[in-house]
Amino acid sequence: ELMLANPFTVYNGAATQKRIINPYFNMILRGSTNTKYGNFGLLYGGIEWKNLTMFTFGSNVGYNRYTLFERNAWDPVGNIKNRYASYYYTGIINQDQRWGTQGFKGIMLNGWNMPFNTSVDLYYGKTQYLAGVVRQDTTMPSYNFGLKLSKALKNDSRISLNTFSSTATSDSINSLRDVKWQVYTTEFSFNLIKGLNLSGELGMGSYESPAYKQAWGEGIVADLNFEKSLTKIPFSLRYFQIGKYFTNNVASFTNNSIREVYDGYVQNPTAVILVPNAAGLMGPGGLANNQRGFGINTSFEVKKFKISLGNQFSSEMDTLENGTQLSFSHRINGLQWGRLPLWFPNPGQLGPNGRIGTFYRGAYEIVKIDDPALLNADSSAKFLRHFNGIDAQVKYKTKLFNKDLYINYLGSFQSAQKEFSPVTVFTPDAFIRAYYNELEAYYQLSRTLIVSTYVGYERILGNSSTEVDPVTMLPRNQVGKALGFGCDFAISSSTTVFFRHRWMSFEDKNFKAYHGPNPNDPGAVISRDAEAFKG
């Protein structure tokens, strides 16, 4: 394959005017062979989207709870009805190849049908983060190495040994590879009895650099899955524990403890792709290091209603340097904020007070806990952070004038606080509460036309221990709204036009900068970005 790129001229704001998006050229070599020792494939060059295991190399997909209104231009097409019918009946849709994977460039060797029912995956090259610490010259030697050796067992069980590592030098003069992280795990799936499966991954990982002495931490995730045939209502129980030194920048968990592992890969120091800024609020399925927790998830049917529920709670294991900060997502309109203000990959802070940051497909805020009663003399935290998340999804299908109508509701309710709780805290005892509600409907008017609608409502509430407005002396009280309309029009069996339009608004009722100047305060100034949050 020979892949050529088109150069783009992009307007990037008054400060930078126009800039050229650099073209790139990729040569990709693919080949495979069958031998008496197994079948082997080789891929060299290009950018491939791959997945090894949860702790080594991959991306978290949670429990497939999401809405369908937003659509990627690169998603597979097919019959326009299949997307909504598939999600209703099976809970999944046909995603593009990057779903649940990570980008890799280099040499990839795969072997299957090998002796003793084994298979092998070997990776040598670079990931999106390459490796290392902040540095001026990003061309310094760095590489990733990954290996997965799997064996199929009886009763459709399996086990694998896995490793993934990153190695780099900290500067262009020192030839010593002194910046590295490494992960060693075993992944397993055992069918214990009919209808009962135990799966998960466990191992050890470490990080070291000139600023960090090497230390090791544990990584454990175990799922006990009960099928409908055994318990009438299927459900799964999860336990996870990830030490603060168990770190990786291309795995399915968030690294809260060592920010350095992400640095040095973007020109704008405020830019983030998947870089954590503080311990974040996450729903069921979200994982982070320096935390241990428990989750339960289930799905069942009540007549035409398909219901999926989840609850997860977790607690920090040690107090970190950023222990007085929390982060949360603006989920309802985050995609639009992430795309409109700046041109990826140069996101940054925006909005009134400059508190909202953007990344590739979303927006977030960082909350500071500044209650003196909760801080030590050096401003570090006296407490451990505890996190909760509840998800509720309801899908419904019916007929309206003999045409298919699909209705989906998705709610997510999250909190973070200084005390442990088995469920989301809905009172001001929580430092921050984030409630997201989304309702969408899809109506098939004809074989070639589907009409779609979307309503989103987001509520973010802080408490008195977090930062407050200097005028009102009140914490965050944010409301985000969205109203969407669109249609899918099939031109042919393989060509479809997807139209989406969205009205959106955002307001913080307690922070003065969101409302404009106070006529009684001549010194008050409204942010120049305030209009960006309208319509």
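Residues numbered from 1 in each chain as written. Predicted model: local features only at pLDDT ≥ 70, side-chain atom pairs only at ≥ 80, totals over all residues. Heavy atoms only, no water.

J.: How would you summarise the overall build of the protein if you had to cite specific residues and measurements?
T.: Scanning the protein from N- to C-terminus turns up three helices and 27 strands. Relative to its full complement of 535 residues, the protein shows a buried share of 50%. Here the contacts in the protein between residues at least 6 apart in sequence split such that 63% fall between residues at least 24 apart. For the protein, the exposed area adds up to about 26400 Å²; of that, 59% sits on carbon and sulfur atoms. (Helix = DSSP H or I, 4+ residues; strand = E, 2+ residues; numbered from the N terminus. Buried < 20%, exposed > 50% of the residue type's maximum accessible area, 1.4 Å probe, protein only. Contact = heavy atoms within 4.5 Å. Areas by Shrake-Rupley, 256 points an atom, 1.4 Å probe, with all protein chains shown as cover.)

J.: Residues and numbers for the pattern of salt bridges, please.
T.: One pass over the structure, following the stated rule, counts 16 salt bridges. Across the salt bridge formed by Glu187 and Arg158, the nearest N and O atoms sit 3.6 Å from each other. With Glu187 in strand 11 (residues 179-193) and Arg158 in strand 10 (residues 158-168), this pair connects stretches of sequence that are 29 residues apart. For Glu187, a relative accessible area of 14% translates into the label buried. Among the charged side chains, a network of salt bridges with common partners joins Lys81, Lys397, Lys399 and Asp404. (Salt bridge = Lys/Arg side-chain N within 4 Å of Asp/Glu carboxyl O.)

J.: Hey, could you go over a nonpolar patch on the surface for me, with residue numbers and the actual values?
T.: A cluster of nonpolar side chains, contributed by Leu29, Leu42, Tyr44, Ile107, Leu109 and Tyr124, occupies part of the molecular surface with about 540 Å² of accessible area. Looking at the nonpolar patch, the elements with two or more residues in it are strand 5 (38-45) and strand 7 (102-114). In this fold, Leu29 is placed in strand 4 (residues 25-35). (Patch = residues over 30% accessible without salt bridge, like charges linked within 9 Å, V, L, I, M, F, W, Y side chains within 5 Å.)

J.: Go over the nonpolar core, please, and point to the residues and values.
T.: Membership of the largest hydrophobic core comes to 32 residues, with the highest contact counts inside it found for Leu68, Leu326, Ile432 and Tyr442. Those elements that provide at least two residues to this core are helix 1 (80-90), strand 18 (325-329), strand 23 (403-417), strand 24 (432-446), strand 25 (449-462) and strand 26 (477-492). Among the nonpolar cores identified, the runner-up in size contains 25 residues, and Ile28, Ala168, Val183 and Ile258 belong to it. (Core = buried A, V, L, I, M, F, W, Y, C linked by side-chain atoms within 4.5 Å.)

J.: Quick rundown of the environment of Leu161? Include the residues and the values.
T.: When you line up the elements, Leu161 lands in strand 10. Taking the relative accessible area as the measure of exposure, Leu161 reaches 55% and is therefore exposed. A C-alpha to C-alpha distance of 6.5 Å links Leu161 and Ser150, two positions 11 residues apart in sequence. Look past the residues within four positions of Leu161 in its chain and what remains in contact with it is Leu147, Lys148, Leu149, Thr185 and Thr186.

J.: Explain the side chain of Asp223 to me, and be specific about the residues and the numbers.
T.: Structurally, Asp223 can be placed in strand 13 (residues 212-226). When its relative accessible area of 11% is taken as the criterion, Asp223 is described as buried. At 2.7 Å, the side chain of Asp223 and the side chain of Arg238 are in polar contact. (Polar contact = N/O pair within 3.5 Å; in protein donor to acceptor, adjacent residues only side chain to side chain.)

J.: Now, about helix 1: what can you tell me, with residues and values included?
T.: When helix 1 is considered as a whole, its buried residues turn out to be Ile80, Arg83, Tyr84, Ala85, Tyr87 and Tyr88. The N-capping residue of helix 1, defined by a side-chain oxygen 2.8 Å from the backbone nitrogen of Lys81, is Asn79. Taken from the residues just after helix 1, Gly91 is the one with a positive phi, measuring 85°.

J.: How would you explain the packing of aromatic side chains if you had to name every residue and give the values?
T.: Per the stated rule, a full pass over the model turns up 27 aromatic pairs. Ring plane angle 85° and centroid distance 5.4 Å describe the contact between Phe313 and Phe420, whose orientation is recorded as edge-to-face. Of this pair, Phe313 sits in strand 17 (residues 305-316) while Phe420 sits in the loop between strand 23 and strand 24, and the two are 107 residues apart along the sequence. Phe420 gets classed as partly exposed once you look at its relative accessible area, which sits at 49%. One aromatic cluster in this structure is built from Phe57, Phe104, Tyr123, Phe164 and Trp181. Between the NZ or CZ atom of Arg71 and the centre of the ring of Phe498, over which it lies, the distance is 3.7 Å. Over the ring of Phe69 we find Arg500; its NZ or CZ atom is 5.1 Å from the centre of that ring. (Phe/Tyr/Trp six-rings, centres within 6.5 Å; stacked < 30°, edge-to-face > 60°. Lys NZ or Arg CZ within 6 Å of the ring centre and 35° of its normal.)

J.: Which residues make up the environment of Asp75, and what are the values?
T.: Tracing the backbone through its elements, the reader meets Asp75 in the loop between strand 6 (48-50) and helix 1. In this structure, the C-alpha to C-alpha distance between Asp75 and Arg98, residues 23 residues apart in sequence, is 9.8 Å. In contact with Asp75, other than residues within four places in its own chain, are Arg83, Gln95 and Asp96.

J.: Can you lay out unusual backbone geometry for me, pointing to particular residues and giving the numbers?
T.: In this structure, Phe116 takes a positive phi of about 65° despite not being glycine. If you trace the backbone, Phe116 turns up in the loop between strand 7 and strand 8 (118-127). A relative accessible area of 70% means that Phe116 is categorised as exposed. One non-glycine residue, Met473, adopts positive backbone phi at about 60°. Residue classification places Met473 among the exposed positions, given a relative accessible area of 53%.

J.: Give me the environment of Pro422: which residues, what numbers.
T.: Relative to the assigned elements, Pro422 resides in the loop between strand 23 and strand 24. Judged by its relative accessible area of 44%, Pro422 is partly exposed. Along the chain, Pro422 and Asn388 lie 34 residues apart, while their C-alpha atoms are 7.4 Å from each other. If sequence neighbours within four positions are ignored, Pro422 has contacts with Asn311, Phe313 and Asn388.

This is a description of form; function is not addressed.
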